[in-house]
Amino acid sequence: MIFVDTHCHLNDEQFSDDLNEVIERAKKNGVRRIINFGAKFSDSKLAVELANENEELFAGVGIHPEEIDEFKIENAEEKLIELAQNKKVVAIGEIGLDYHWEKDIERQEIQKKIFVRQLDIACQLNLPVCIHERDAHGDALKILKAETKNIRGVLHCFSGSLEMAKEIWKMNFLIGIDGPLTFKNSAKLPEIVKAAPLEMILIETDAPYLAPTPYRGKRNEPAFVVEVAKKIAEIRGESLEKIAEITTRNAENLYSIR
Ligand code: NI
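Structure report, in brief. (Residues numbered from 1 in each chain as written. Predicted model: local features only at pLDDT ≥ 70, side-chain atom pairs only at ≥ 80, totals over all residues. Heavy atoms only, no water.)

### Considerations on the environment of Asn172
(1) Moving on: The topology assignment puts Asn172 in the loop between helix 6 (162–170) and strand 7 (174–177).
(2) Moving on: Owing to a relative accessible area of 37%, Asn172 belongs among the partly exposed residues under this scheme.
(3) Moving on: Distance from Asn172 to Ala146, taken between C-alpha atoms, is 14 Å for residues 26 residues apart in sequence.
(4) Moving on: Ignoring any residue separated from it by four or fewer positions in sequence, one finds Asn172 in contact with Arg152 and Met200. (Helix = DSSP H or I, 4+ residues; strand = E, 2+ residues; numbered from the N terminus. Buried < 20%, exposed > 50% of the residue type's maximum accessible area, 1.4 Å probe, protein only. Contact = heavy atoms within 4.5 Å.)

### Focus on the nonpolar core
What tends to happen in soluble globular proteins is that the nonpolar side chains get buried as a cluster.
(1) Moving on: With 77 residues, the main nonpolar core has Phe3, Ile92, Val129, Ile177 and Ile232 as its most contacted residues.
(2) Moving on: It is helix 8 (residues 225–236) that provides the largest number of residues to this core, a total of seven residues.
(3) Moving on: Dropping the residues within four chain positions of it, Ile232 is found in contact with Ile177, Leu181, Val193, Ile201, Ile203 and Ile243.
(4) Moving on: Formed by 14 residues, the second largest nonpolar core is a distinct cluster that contains Cys130, Leu202, Ala251 and Leu254. (Core = buried A, V, L, I, M, F, W, Y, C linked by side-chain atoms within 4.5 Å.)

### Thoughts on helix 5 (residues 137–147)
(1) Moving on: Along helix 5, the residues that are buried comprise Asp139, Ala140, Leu141, Ile143 and Leu144.
(2) Moving on: Tucked inside the fold, the buried residues of helix 5 contact strand 4 (89–98), helix 4 (105–125), strand 5 (129–134), strand 6 (153–155) and helix 6.

### Brief notes about the packing of helix 2 (residues 41–53) against helix 3 (residues 76–84)
(1) Moving on: One can describe the packing of helix 2 onto helix 3 by two numbers: an axis separation of 10 Å at closest approach and a directional angle of 15°. The angle between helix 2 and helix 3 places the two elements in the roughly parallel class. The chirality of how helix 2 crosses helix 3 is left-handed. Residues Phe41, Ser44, Lys45 and Val48 of helix 2 form the contact with helix 3, whose own contacting residues are Ala76, Lys79, Leu80 and Leu83. (Axes fitted to C-alpha atoms, helices over the stretch in contact; angles between N-to-C directions. Parallel < 35°, antiparallel > 145°, perpendicular 65-115°, else oblique. Left-handed = near helix turned anticlockwise from the far one by under 90°.)

### Some remarks on the coordination of the nickel ion
(1) Moving on: Here the nickel ion is held by His7 (NE2), His9 (NE2), Glu94 (OE) and Asp206 (OD), and the distances to it run 2.1 to 2.3 Å.
(2) Moving on: Taken together, the four donor atoms surrounding the nickel ion define angles of 84 to 174° at the centre, an arrangement classified as irregular.
(3) Moving on: Counting gaps between the donor residues of the nickel ion yields the pattern H-x1-H-x84-E-x111-D. One end of the pair, Glu94, is in strand 4; the other, Asp206, is in the loop between strand 8 (201–203) and helix 8, and 112 residues separate them in sequence. As far as burial versus exposure is concerned, Glu94 and Asp206 are alike and both buried. (Donors = N, O, S within 2.8 Å, 3.2 Å for Na, K, Ca; no water. Tetrahedral: all angles 85-135°; square planar, octahedral: opposite > 155°, others 65-115°.)

### A closer look at unusual backbone geometry
One can expect most non-glycine residues to show negative phi and most peptide bonds to be in trans.
(1) Moving on: The omega torsion of the bond from Ala207 to Pro208 falls at 10°, within 30 degrees of zero and hence cis.
(2) Moving on: With respect to the helices and strands, the residue Pro208 is situated in the loop between strand 8 and helix 8.
(3) Moving on: Phi angles above zero are rare outside glycine, and Asn172 is one such case at about 70°.
(4) Moving on: Positive phi, close to 50°, is recorded for Ser256, a residue that is not glycine.
(5) Moving on: Structurally, the position occupied by Ser256 is in the segment after helix 9 (240–255).
(6) Moving on: Given the relative accessible area of 63%, Ser256 is considered exposed.

All quantities given are derived from atomic positions and should not be read as evidence of function.
In structure tokens form, the structure reads like this:
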């Protein structure tokens, strides 16, 4: 069986000592491809470098909503476009809105502007987008509906309602399912996973964060994405083989990786 970890942060310093071992363990578990995302300029650049050094890795570049001050530098757009043109870059991300950590209305407005500017870059470069959205469902949907007619993407680490998921699927966007699905307090996620058209979900770790059961509380890593797939199989009453096959195909289609 082959899996893809469609979202993680191997640029994090928690991986600086043992990245090679982490990638080896992923491969041993069948996780043959890993999409590694930046949140700032520095780690987006590192994601590109790591992807060029490791066959299994691909990169997403973008400025995360909690890092909007990064966009104050001169020629921010040009810098992002330049990074995104590397051949191992498969997405613009992670980008989006986060009103959970940002309560200031003015700064939320800046988040929206920078989100739209990065969606424009994705359109321009014909790349899919990976979206971070927390406590900003309404504004995120409004912007996505207005700005993404020509691009596809995923709402990563999905935390919304089933109604919101349906809106997302209608736009031909996918949702990313992570470790919280395996938690005892997984809230609405199992219901959403059950209702999801299988071709509209991706599996991801968001490593080093959100390790699934039985690794909860530890550092997460791409090998553990298999636990998310197992839980999806259990909830839907399908084989792990089928979940692996379809979620891998979904990742290949969205991110044009082979
Ligand atoms: Ni992330």
